[in-house]
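Working through the structure, step by step
Here is how the chains run, residue by residue.
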Amino acid sequence: MSEQTNGAPVARTSMDVLQSIEESLQAVVRTALNKVPARKQQSDDTKDLDLSLMDAQKDFSDITKTGMIGGRNIAYAKISDLVKASRAALRKAKLVVKTYSRVEPSGIEILVTRLSHVPTGQYVESELSLLNNTDEQKRGSSITYAWRYTYAPLIGLVDDSCDDDGEMAKPTVTSYKR
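The sections below set out a description of the structure shown in this document.

About the thresholds
Residues numbered from 1 in each chain as written. Predicted model: local features only at pLDDT ≥ 70, side-chain atom pairs only at ≥ 80, totals over all residues. Heavy atoms only, no water. Helix = DSSP H or I, 4+ residues; strand = E, 2+ residues; numbered from the N terminus. Buried < 20%, exposed > 50% of the residue type's maximum accessible area, 1.4 Å probe, protein only. Contact = heavy atoms within 4.5 Å. Core = buried A, V, L, I, M, F, W, Y, C linked by side-chain atoms within 4.5 Å. Salt bridge = Lys/Arg side-chain N within 4 Å of Asp/Glu carboxyl O. Patch = residues over 30% accessible without salt bridge, like charges linked within 9 Å, V, L, I, M, F, W, Y side chains within 5 Å. Areas by Shrake-Rupley, 256 points an atom, 1.4 Å probe, with all protein chains shown as cover. Polar contact = N/O pair within 3.5 Å; in protein donor to acceptor, adjacent residues only side chain to side chain.

One non-glycine residue, Asn73, lies in the positive phi region at around 55°. For Asn73, the location among the structural elements is in the loop between β3 (67-69) and β4 (74-76). When its relative accessible area of 68% is taken as the criterion, Asn73 is described as exposed. Notably, Lys94 is not glycine yet its phi reads approximately 60°, a positive angle. Locating Lys94 in the fold gives a position in the loop between α3 (79-92) and β5 (95-103).

Our next topic: the side chain of Ser126. Locating Ser126 in the fold gives a position in strand β7 (residues 123-129). Residues within four places of Ser126 in sequence aside, it is in contact with Leu111, Val112, Thr113, Thr150 and Leu154.

Moving on: the nonpolar core. Residues Leu82, Leu90, Leu95, Leu115, Tyr151, Ile155 and Leu157 are the most contacted members of the largest nonpolar core, which totals 21 residues. Elements with a contribution of two residues or more to this core: α2 (47-58), α3 and α4 (136-155). Top element by residues in this core is α3. It accounts for 6 residues. Sequence-distant contacts of Tyr151, that is, excluding residues within four places in its chain, are made with Ile79, Leu82, Val83, Ser86, Leu90, Val97, Thr113 and Leu157.

Using the criterion set out here, one finds 6 salt bridges in the structure. For Arg102, the salt bridge identified is with Glu127, shortest N-O distance 2.9 Å. Pair noted here: Arg102 is in strand β5 and Glu127 is in strand β7, with a separation of 25 residues, a long-range link. Relative accessible area serves as the criterion here: at 16%, Arg102 is assigned to the buried category.

What follows deals with a nonpolar patch on the surface. Together, Met15, Val17, Leu18, Ile21 and Leu25 make up an exposed nonpolar region whose accessible area comes to about 480 Å². Relative to the helices and strands, Met15 resides in helix α1 (residues 14-35).

Here the focus is the environment of Leu157. Along the polypeptide, Leu157 turns up in the segment after α4. On the basis of relative accessibility, which here comes to 7%, the residue Leu157 falls in the buried class. Distance in space between the C-alpha atoms of Leu157 and Leu82 is 7.7 Å, their sequence separation being 75 residues. Ignoring anything within four residues of it in the chain, the contact list for Leu157 reads Phe60, Ile63, Leu82, Ser86, Tyr151 and Ala152.

What follows covers the environment of Asp44. Looking at the secondary structure, you find Asp44 in the loop between α1 and α2. It is 8.1 Å that separates the C-alpha atoms of Asp44 and Gln122, two residues lying 78 residues apart in sequence.

Now for the side chain of Gln122. You can see Gln122 is positioned in the loop between β6 (109-117) and β7. Using a relative accessible area of 8% as the deciding quantity, one classes Gln122 as buried. At 3.4 Å, the side chain of Gln122 and the side chain of Asp45 are in polar contact. A polar contact of 3.1 Å, which involves the side chain of Gln122, links it to the backbone nitrogen of Asp48. Apart from the residues lying within four places of it in its own chain, the contact partners of Gln122 are Ser43, Asp45, Thr46, Lys47, Asp48, Leu49, Leu115, Ser116 and His117.

If you want it as structure tokens, here you go:
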């Protein structure tokens, strides 16, 4: 119940109550977001890391595609293929890649891939949201997908797997005879 100017109580509609709750929740979210500092995704200085990465990229191997998209007979590079093509060159340049997940205040889980320059501690990160799914198979696929798509761009490893500009997402046209 709320009060009018004459002091008599007035019943609030369910819509009034819902609107009041929504406004309160929005205020809480705004307050929480203002308290969360922005995450730093790279060192203040990355010069040594960049120079080492440039050297490593010269030594990357060609990517051997060992994955196969089921039913389409299209080869793609699995994460292990990407790592195999780059690990030795990264190690030689004293670069290390780590992958971990973190949870945003909103509850969204993020996969973070970090490239670090061991001698200096300089780093850069690449992030991608994971699917929020309780199905372990789909969750595993989401992690693998995010790992591939944070790893290769982070180190500048070019993988042309399934680079079809969205062609696979388009419906196929079938002609019918009458």
